[in-house]
Amino acid sequence: MKLREAAQRDERVQIVQTTAKRLVKCEKSGRVIGVVCSTRRSKEQKYFADLTIVADRQASNLRSQYTKHTPVTKSRFWGLELIDAELPNQHLAYGVIGSGPPVLIYQIGLRETRILIDIPNTVHQAASNSGSIADYVQTKVVPDLPTSVRPSVTAALKKGMLRSMPNSWLPSSTNTTPGIEFLGDAFNMRHPLTGGGMTVALNDVVLLNQLLAPEIISSFGDTRSVLKQMRRFHWQRKEYSTSLNILAQALYSLFIADDLQLQVLQRGFNRYIQRGGNCVEEPAGIMGGVIHSPWLLFYHFFAVALYSLSTLMREGYASSLWHMTGAIFQCLHRGTVDIIWSCFLVLFVSVWAVLHHNVPIRSDHYWSTLGRKVRWATLAICAPELLTLFAVMQWNAANISVTEMQDLGEKDWSVVHAFYANARGFMLDAPDYPTFPINAKSIHYLRSTGWIKPLNITRDSIWDRSKADVFAKGFALIQTTWLCIQCICRVIQRLSITPLELFTVAFVLSTLATSFFWVNKPQNVTEPNVITTEWLIADVLKAAGDAAKEPYIDTPMDFVEKPVWQGWKRRPSLLHFSGLTSRPLKRIPNDYSPPPPTGKEALFVWVISVVHAGIHVISWRLSFPTDTEAWIWRISSVTLLLVMIIGGAVPVLSTREWFDFRFNLLCIWIRPARKNTLVRRHVFDFVVDFDYFVYIVARLLIFTEIFLSFRSLPETAYANINWTEFLPHID
Ligand SMILES: Cc1cc2nc3c(=O)[nH]c(=O)nc-3n(C[C@H](O)[C@H](O)[C@H](O)COP(=O)(O)OP(=O)(O)OC[C@H]3O[C@@H](n4cnc5c(N)ncnc54)[C@H](O)[C@@H]3O)c2cc1C
């Protein structure tokens, strides 16, 4: 599609071909209110607007007053248009990395091919004119090119067709001036080697369009709101621009590698992408702006580094590397910072990898999504068994949904579909209500009553939407395994383990259980599927009769979704917590996990909780700076264990038919007793609340002791494991 033509077709767009000379600023407020333009034939003319978008390319002359950054240019692309160049494959773009500068070659017309040669500033500053550059290209570049291309390059050089443009790097910055926004190369640049500039610019346009939509910003004259959205723009665009910018700069550094280490990496990179499959598809997806995960980029960087090392080993450095690795293990000094750092790394990465949040809403600010994750991460670290409980409840709900849907004849409905549906994967868009999420229970109801047709979405297509952080998961697994190996080896060699290491091991055991239950839950999905209907929700409610006569609390489908909760209600003070301001709800909060666990599942969580607490008790003989502190640790650990045994038993009992007592789950969900007596109202509720209170106190004391213990660790806590005892001897 031709963008300019498409824009022109919109009747609200008026195109004026002119040159912007300078911006017009309100003297009083400092706000940009328009632009002064002129053409060669006409005199200056002013255009006024509430918001001026500037996209006057990399050499922008309007940018300098409004951004603190200036472009950094270390090289230029010198380009030629080749006629009838013979490429090995006419439809592919080629990158040539040899002893000379990096070169790009790609076809741009039936007979025309473009070649771009990256020449460092040092070279072209030394060259007196483009004639010298032509000599440089002929002698330093042409010999490295494919033989079939060389004649057309020499011919183009002879015609004197060399043109150049700077290759610049310009970081983006938040716009703080009211009335203006920069876009495109005027706003953010990276080396053009990876061709990411237009991809970033177009993504910026899409994001800005969403952030400045009339539903959010009613008038561009409302500068405070516009500036607020600009700040959001700055942070939200990082999701796609970071990967593209880093990739461009990193690949460029690799391609111009002039030291030995980088050359090893360069060779490793070449071999890595020659492996094909994900080794090339995922980096290409990042480069094309289709995949936005910085984690994936991080993963491929590490994968290339490891692959380069293995290439080096295969090239004959195996024994030296082996000895080097042994030497590194032996030389690693274990200090307080190393212990803290390695444990924090495991805790952080495991939490990040294990959290499987529901699909956020599009207008969710980057920081609110992050804040939500941090809240859950904190909960996971303080009480990992609670996260396991949520995962178990969601797993239970997903399995129930699969049974129900398969009974309906929906044989393709899998546990992935069910997890996805319960995580706001499907939104219902009916004419009489704002779009709202429906869960697996509603989908079953609407299918069984014939309101909707079978959903045409496969398990694989849902899984494709999941941006599971494979790298984070792999990294968490490696780090965790490494930590566990170290702890075991330390015990074997009778070396001390610190309380922090013990806490971390206990934590990862619970996390492993959580990961197991969430293994089929799509992770980091950003966009739900929308089911659009022509019928009204009112008709569905009418047809449901008495069952739907109660006013809804969260969505009109409450009458289907809530009965499974068997009387559970969210604490009224939390109904609007965390941005849940409007009804019907737009997002399914992460603690909405219908239904509560069954007896077996509650029992499993109970066992996990007891084992988790038990690990703290096993460490009875851990060494602490004072005896009092040792006893604080021991008492807290035993308390934790008792709390888990007693408090954890209540959810198990609550699944029994005879259990008719008011009871709350994590202080979020409350289930009243059917018979409303004083005893039934308070007995178990009190036990559970007391349990929660004692749990928090014991946990706080354990946390405090973990850190206080670093004041004076026993000497053997710093001693290195003697790995040579375990490593096979290689001569
Ligand atoms: C050789 C090369 C190859 C590339 N390949 C790719 C690729 O494959 N994929 C990709 O995504 N990106 C690629 N890019 C990057 C991409 O071209 C740029 O990032 C993108 O064009 C930037 O868009 P822009 O609108 O900011 O600037 P431009 O595309 O440069 O457009 C700016 C426009 O503003 C006009 N203008 C400038 N000043 C004024 C003024 N004062 N008044 C009025 N008009 C003005 C200019 O005439 C021009 O029409 C490549 C870049 C280069 C140099």
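Residues numbered from 1 in each chain as written. Predicted model: local features only at pLDDT ≥ 70, side-chain atom pairs only at ≥ 80, totals over all residues. Heavy atoms only, no water.

- Under the annotation held in an unreviewed UniProt entry, the chain carries the name squalene monooxygenase and is attributed to Mollisia scopiformis.
- Within the UniProt record for the chain, the comment given under Subcellular location (unreviewed entry) is "Microsome membrane".
- Turning to the chain, the UniProt record has this under Sequence similarities (unreviewed entry): "Belongs to the squalene monooxygenase family." (UniProt positions renumbered as here; feature names shortened; annotations may be inferred.)

## Some thoughts on helix H7 (residues 238–255)
- The first and last C-alpha atoms of H7 sit 25 Å apart over 18 residues, in line with the 26 Å expected at 1.5 Å per residue.
- Every buried residue belonging to H7 is among Tyr240, Ser241, Ser243, Leu244, Asn245, Leu247, Ala248, Leu251, Tyr252, Leu254 and Phe255, and all of these are buried. (Helix = DSSP H or I, 4+ residues; strand = E, 2+ residues; numbered from the N terminus. Expected span 1.5 Å × (residues − 1). Buried < 20%, exposed > 50% of the residue type's maximum accessible area, 1.4 Å probe, protein only.)

## Remarks on the environment of Ser42
- With respect to the helices and strands, the residue Ser42 is situated in the loop between strand S2 (32–38) and strand S3 (45–48).
- Residue class for Ser42 comes out partly exposed when judged on its relative accessible area of 37%.
- Expressed as a C-alpha distance, the spacing of Ser42 and Thr18, which sit 24 residues apart in the sequence, is 9.2 Å.
- A polar contact is formed between the side chain of Ser42 and the side chain of Thr39, at a distance of 2.7 Å. (Polar contact = N/O pair within 3.5 Å; in protein donor to acceptor, adjacent residues only side chain to side chain.)

## A short note on the UniProt feature "transmembrane region" (unreviewed entry) in the chain
- UniProt marks residues 296–314, 335–355, 375–395, 500–519, 603–624, 631–653 and 692–710 with the feature "transmembrane region" (unreviewed entry), using the numbering shown here.
- Helix makes up 95% of residues 375–395 and strand 0%, and the two end C-alpha atoms of the span are 22 Å apart.
- As annotated, residues 631–653 comprises 100% helix and 0% strand, and the C-alpha atoms at either end are separated by 33 Å.

## A word on the pairing of S3
- Note: S2 against S3, four bridges, orientation antiparallel. Its bridge partner lying in S3, Gly34 is registered against Phe48.
- Here S2 folds back onto S3, and the loop between the two strands holds six residues. (Pairing = 2+ DSSP bridges.)

## Quick look at the domain arrangement of the chain
- Partitioning the chain into structural domains gives domain 1 (19–66 + 171–256), domain 2 (72–169) and domain 3 (599–717).
- Using C-alpha coordinates to define each centre, domain 1 is positioned 53 Å away from domain 3. (Domains from an automatic or database assignment.)

## Considerations on the pattern of salt bridges
- Summed over all chains, the structure comprises seven salt bridges.
- Asp50 is paired through a salt bridge with Arg31; the nearest N and O atoms lie 3.2 Å apart. Here Arg31 lies in the loop between strand S1 (19–25) and S2 and Asp50 lies in the loop between S3 and strand S4 (52–54), a separation of 19 residues in the sequence.
- Here Asp84 and Arg111 are joined by a salt bridge, their closest N and O atoms 2.8 Å apart. You can see Asp84 sitting in the loop between strand S5 (72–83) and strand S6 (94–96) and its partner Arg111 sitting in the loop between strand S7 (103–107) and strand S8 (112–120), a full 27 residues away along the chain.
- In this structure Asp84 comes out as partly exposed when scored by relative accessible area, which is 45%. (Salt bridge = Lys/Arg side-chain N within 4 Å of Asp/Glu carboxyl O.)

## A look at the sheet that holds strand S12 (residues 436–437)
- Across the sheet, three strands lie side by side as S12-S11-S13; this open sheet has mixed pairing. For this open sheet the edge positions go to S12 and strand S13 (529–532), each flanked by a neighbour on one side alone.
- Across four bridges, the pairing between strand S11 (residues 426–429) and S13 is parallel. When the bridges of S13 are listed, Met427 appears paired with Val530.

## Topic: the sheet that holds S5
- The strand order across the open sheet built from five strands is S6-S7-S8-S5-S9, with neighbouring strands paired in antiparallel fashion. The open sheet is flanked by S6 and strand S9 (163–169), the only strands paired with a single partner. Going across the sheet, the axis of each strand differs from the next one's by a mean of 25°, ignoring polarity. (Axes fitted to C-alpha atoms, helices over the stretch in contact; angles between N-to-C directions.)

## As for the packing of aromatic side chains
- Under the defined criterion, the tally for this structure stands at 19 aromatic pairs.
- On the basis of an interplanar angle of 15° and a centroid distance of 6.0 Å, the ring pair of Phe686 and Phe690 is categorised as stacked. With Phe686 and Phe690 both in helix H23 (residues 678–708) and four residues apart, this pair spans about one turn of that helix.
- According to the relative accessible area criterion, Phe686 is exposed, its value standing at 56%.
- Residue Phe690 is classed as partly exposed on the basis of its relative accessible area of 46%. (Phe/Tyr/Trp six-rings, centres within 6.5 Å; stacked < 30°, edge-to-face > 60°.)

## A short note on helix H14 (residues 415–422)
- Of all eight residues in H14, eight are buried, a share of seventy percent or more.
- Inspection of H14 places Val415, Val416, His417, Ala418, Phe419, Tyr420, Ala421 and Asn422 among the buried residues, and these make up the whole buried set.
- Turning to H14, the residues buried within the fold contact helix H13 (384–407), S11, helix H15 (440–448), helix H16 (459–465), helix H18 (499–517) and S13. (Contact = heavy atoms within 4.5 Å.)

## As for the nonpolar core
- Within the largest apolar cluster, 93 residues are counted, with the highest numbers of intra-cluster contacts made by Trp413, Phe426, Ile438 and Leu446.
- The element that contributes the greatest number of residues to this core is H13, accounting for nine residues. (Core = buried A, V, L, I, M, F, W, Y, C linked by side-chain atoms within 4.5 Å.)

## As for unusual backbone geometry
- You will see that Arg57, though not glycine, has its phi angle at about 60°, which is positive.
- Assignment of secondary structure puts Arg57 in the loop between S4 and S5.
- What makes Arg57 exposed here is its relative accessible area of 62%.
- The phi torsion at Asn524 lies on the positive side, around 55°, for a residue other than glycine.
- Position of Asn524 relative to the elements: it lies in the loop between H18 and S13.
- Of the residues examined, Asn524 reaches a relative accessible area of 25% and is grouped as partly exposed.

## Overview of the site of the ligand
- Lining the immediate environment of the ligand, one finds 17 residues, of which Ala20, Met165, Asp185, Gly195 and Met198 sit closest.
- Gly197 is positioned such that a nitrogen or oxygen atom in its backbone is 3.4 Å from a nitrogen atom of the ligand.
- Contacts to the ligand include Met198, whose backbone N or O atom sits 2.8 Å from an oxygen atom.
- Protein contact buries 64% of the 990 Å² of open area that the ligand shows by itself.
- At the level of secondary structure, the elements contributing two or more residues to the shell around the ligand comprise S1 and helix H5 (197–211).
- Looking at which element gives the most residues to the shell around the ligand, the answer is H5, with three residues.
- Among the residues making up the shell around the ligand, the classes are represented as six nonpolar, seven polar and four charged.
- Composition of the shell around the ligand by domain shows at least three residues from each of domain 1 (19–66 + 171–256) and domain 2 (72–169). (Near = heavy atom within 4 Å. Areas by Shrake-Rupley, 256 points an atom, 1.4 Å probe, with all protein chains shown as cover. Nonpolar A, V, L, I, M, F, W, Y, C, P; charged D, E, K, R; others polar.)

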